[in-house]
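Topology and contacts: notes
The lines below spell out each chain.
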Amino acid sequence: MTTRTPAVREGAAVPLLAAEQLTVRRAHDGATVLPAVDLEIGDGQVLAVTGTSGAGKTTLLRALLDVLPDGLHRPAGTVRWRGAPVPAGRPARRWRRARCGWLGQDPAADLNPLWRVDRLIGEGFTGDTGARAQRVEALMQQLDLPPVLASRRAGEISGGQAQRVALARSLCADPELLVLDEPTSALDRATADLVAEAVRSRRGVPGRCVVLVTHDTRLAAELADRTLVLAVGPRRSTDAEAAPGPQLPAAPAREPCTATAVRLRSSVPPATSAVPATPAKGPPAPTEAPAPPPTAAAPTTEGASRTVAPAPSPAPVLSTRGLILLTPDGTPLLDAGDLDLPAGGWLAVTGPSGTGKTTLLHALAGRRPPAGGELLLHGHPLPRGTRSRDRRMLRAVQLAGQDTVTELNPAHTAGRSVARPLKVFHGMTGAPGRHRARELLEAVGLSTELSHRRPTELSGGQRRRVVLARALAAGPDVLLLDEPTAGLDPVSARLVLDLLDRLRRSGPAILTVTHDPGTAARADQVLHLTGRRLTPRPPTTPDLSPEQRTEPSGVRQHHG
Amino acid sequence: MSRSVAFLSLSAARARRTAPVAAAVVLLVCVPLGRYAAPHPPERTVAAPWTPPGGRHPLGTDVLGRDVLSRVLAGGTQLLTLSLLAAAVAVVCGTALGLAAGWSGGRVARGVRALGDLLLAVPALVLALVLATALPGATAVVVAAVLAGAPLTARVVGTQCAYLRDSGHVHAAVERGESTPAVLVHEVLPNLRRLVAADAGLRLVTALQIAAALAVLGLGPQPPEPDWALMLSENLPGAALNPWALLAPAVPLAGCAWAFAATAGTVAHTPREAV
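Residues numbered from 1 in each chain as written. Chains lettered and ligands numbered in written order. Predicted model: local features only at pLDDT ≥ 70, side-chain atom pairs only at ≥ 80, totals over all residues. Heavy atoms only, no water.

1. Structural notes on a nonpolar patch on the surface
Residue and element names in this part refer to chain B. A contiguous nonpolar surface patch, about 640 Å² in accessible area, is contributed by Val21, Val25, Leu28, Val29, Leu33, Tyr36 and Leu84. Residue contributions to the nonpolar patch peak at 6 residues, all from helix H1 (residues 2-37). Locating Tyr36 in the fold gives a position in helix H1. On the basis of relative accessible area, Tyr36 is assigned to the exposed category, the value being 69%. (Patch = residues over 30% accessible without salt bridge, like charges linked within 9 Å, V, L, I, M, F, W, Y side chains within 5 Å. Areas by Shrake-Rupley, 256 points an atom, 1.4 Å probe, with all protein chains shown as cover. Salt bridge = Lys/Arg side-chain N within 4 Å of Asp/Glu carboxyl O. Helix = DSSP H or I, 4+ residues; strand = E, 2+ residues; numbered from the N terminus. Buried < 20%, exposed > 50% of the residue type's maximum accessible area, 1.4 Å probe, protein only.)

Printed below as a string of structure tokens:
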């Protein structure tokens, strides 16, 4: 399969991969999920697919490879590989196996949790054992995966590591067609650059091409020979994201959603600014952050304003003293971490992949109690495990987790998932509860139609916002967010960040774990988790000017 | 062309899904009513023994000259009722045990598994035979099917429950302070629906087999009574004279097993949108 003699290659005019009028419909009601799309990728080219969350980017990739989930089918359209059509069914399966490397959107869910990392990466490799081991090692080194990881099982690695393992797995056999669905959503900037480098090294190589779905405009601009923008367009009434609120005037200009559902944009010149961007205004100054909450001018949501309880006092809402975190197998992640989250404050925790950021959030939420140290909520001790917390404490600390696939109950609709905390914590049932759940979903930018969908019928970005809405529904004092903008397009991400910014003035203090500099830039204080220590802001990255920091359109816009 | 192919394959898939459900519903309605459609009283001798099919006896007569068609129509009720009851009890007990074991883990899980292993070590039929010496036939069938089936259900349900216990939505429910029963009912059980449905089909077939085996061995319904399984043993000696006396009860017996197992499989594999 890896043979590629020049003779095999057709004339330069024939694109390597082409699709004509590729259409996807839902099987049970015939609704169009993906309107007709044409695309072409030449030899050695990289095609970036961008577009709003829920526009059908993942569906397009699945339609290309003929791996649509149950309930969707491809009634029309042809896929051509080197000019020859690839019929759906068995020929497509053989083609996939021989030619394609695929990185899914939820790598943690795609990797067999019981397999060792080296076995996962090397599975598709066809050479002998020694060559395979070398190849696996080289790939792990290339993607900055520490060698000790090779003997771990996929269930024991972090989200960002899982994403790189999945990428290494798809790269291992050096496939002719590489299909990547948001390969950098869980990665920090430096690691994302390694991924970008891996993709770039395939550019211009004869007989190779890449399809890349990403929300990272910088990545798309740097890597793509062509960009395909999927817009929601005509489906807006049924499937669209909620229309961006009035607070997003700049959005449509940047991401034109044309009525012609899809269009091709020719090569975008590489971005001029390689701003390493980051967060943080100078030294941490938590006390000045909480803007005066008065006057209900800010369109806060009702659930949040209810929790205004301990007015913006300098006393921290949530603190840790001497927090010790371990991995499940006992490796220390954090020694004696202290942090203070003031009322109305926003604290971001950044750090390389696999250093324990998610573990920190889980420890605070009580999901995985810390190995040692003290937690304080409003100055009072907070028990480590959820079992020993009372309802008031449970309501006060809400976590919106990272893995959107398992975070939502597959059997419940989005509306029901959001309505449940309303019932449990606020006794809102029946019509008022459903109404409030829809309000919350709208607040995070999801239209009311989506409240009847189950998680499998939502896109990754939509699921992430349902998880956020569910956490907001409790009316917490502290909102713990694990990668709140991963998988969101810039417009939706900005909507979410703006919402959080408004909410925190009168409601919950926010602690986010993030790789996204735009998200970190919204925080009052940035802590960097590395080398088992929490240090104020990353030492290597320069500050941005205050103007840039306060610019409300923070998300990745400055790269685009 | 591709559109018409897609259309055909969709409707074929739908037919595959609906056929077993329709068959199961028809059986459930018709079997208890069959007695009233019988052309002759099922327990009365109406012709010479082993009369071949023809005339007033479309399926001929049996060992005592009773009308085979009438006996087949009247003979499925007890078998079906017993199997359904036994399967339902087995699935409910097994699911409850499995949830308890999978959720609490540790000692409870080990206890449930040890108990299950003990019961599974005894062959179901031996268990049923021993029970039948002490209990009435019908009770023995139900108890044996539950003892043989519930441990299997408990094991699959327990494994899946332990897996789900670690997923984010279950953690989120625990972090909301929901009670354990609420978490199990709202977060865990809905996601076990397909597994339990598929398992219920297997339990039903096992119960049907146990009930039929006891009846064939003479430990179930007693002779004048019409019963599919009993008919098999009664009419075996005359298989050469009137094979229909043997085939006629065998077909609905196998049909029931297929219809219920396939219905369970359909529920287990229905695409989520259609549920």
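So that's the structure; there's more coming.
2. Section: the interface of chain B and chain A
Counting residues at the interface gives 23 residues for chain B and 30 residues for chain A. Together, the buried faces of chain B and chain A total about 2300 Å²; carbon and sulfur atoms form 49% of this surface. Where chain B meets chain A, there are 2 salt bridges. One salt bridge connects Glu178 of chain B with Arg420 of chain A, and the closest N-O pair in it is separated by 2.7 Å. Scanning the region where chain B abuts chain A turns up 11 residue pairs in polar contact (both at pLDDT 80 or more). Of all the secondary structure elements, the ones that give two or more residues to the side of chain B that touches chain A are H1, helix H7 (168-175) and helix H8 (180-216) of chain B. Of the residues that constitute the side of chain B that touches chain A, the class distribution is 7 nonpolar, 9 polar and 7 charged. (Contact = heavy atoms within 4.5 Å. Buried area = accessible area lost by both parts, 1.4 Å probe. Polar contact = N/O pair within 3.5 Å; in protein donor to acceptor, adjacent residues only side chain to side chain. Nonpolar A, V, L, I, M, F, W, Y, C, P; charged D, E, K, R; others polar.)

3. Details of the sheet that holds strand S19 (residues 525-530) of chain A
Residues and elements named next belong to chain A. Pairing within the open sheet is mixed, and its 6 strands lie in the order S16-S17-S18-S13-S19-S20. Pairing within the sheet leaves two strands with one partner each, and these edge strands are strand S16 (397-400) and strand S20 (533-536). Here the average twist between neighbouring strands, direction ignored, is 20°. Two strands pair when backbone bridges link them, and S19 and S20 are joined in this way by 4 bridges, in the antiparallel orientation. Bridging from a neighbouring strand, His528 pairs with Thr535 of S20. (Pairing = 2+ DSSP bridges. Axes fitted to C-alpha atoms, helices over the stretch in contact; angles between N-to-C directions.)

4. Side note on the packing of H8 of chain B against helix H10 (residues 244-269) of chain B
Residues and elements named next belong to chain B. At their nearest, the axes of H8 and H10 sit 6 Å apart, and the two run at 170° to each other. Between H8 and H10, the crossing angle belongs to the class labelled roughly antiparallel. Contact residues: H8 offers Arg194, Ala197, Ala198, Gly201, Leu204, Val205, Leu208 and Ala212, while H10 offers Leu253, Cys256, Ala257, Phe260, Ala261, Ala264, Val267 and Ala268. In terms of residue class, the contact of H8 with H10 is made up of 14 nonpolar, 1 polar and 1 charged. (Parallel < 35°, antiparallel > 145°, perpendicular 65-115°, else oblique.)

5. Quick word on the confidence of the model for chain B
All names here are of chain B. Per-residue confidence for chain B gives a mean pLDDT of 87; residues scoring 70 or more make up 94%. Looking over chain B, one finds the lowest element-wise mean pLDDT in H1, namely 75, and the highest in helix H3 (residues 77-104), namely 93. Low pLDDT, under 50, characterises residues 1-8; the stretch is placed with 3 contacts to residues that sit more than four places away or in other chains. (pLDDT = per-residue confidence, 0-100.)

6. Regarding the pattern of salt bridges
All names here are of chain B. A full pass over the atoms with the stated rule returns 33 salt bridges over all chains. The partner of Asp117 in a salt bridge is Arg155, with the nearest N and O atoms 2.4 Å apart. One end of the pair, Asp117, is in helix H4 (residues 106-121); the other, Arg155, is in helix H6 (residues 137-164), with 38 residues separating them in the sequence. Measuring nitrogen to oxygen at the nearest pair gives 3.3 Å for the salt bridge that ties Glu187 to Arg176. Taken together, the residues span a long stretch of sequence, with Glu187 in helix H8 and Arg176 in the loop between H7 and H8 at a distance of 11 residues. Look at Glu187 and you get buried, because its relative accessible area is 5%. Judged by its relative accessible area of 3%, Arg176 is buried.

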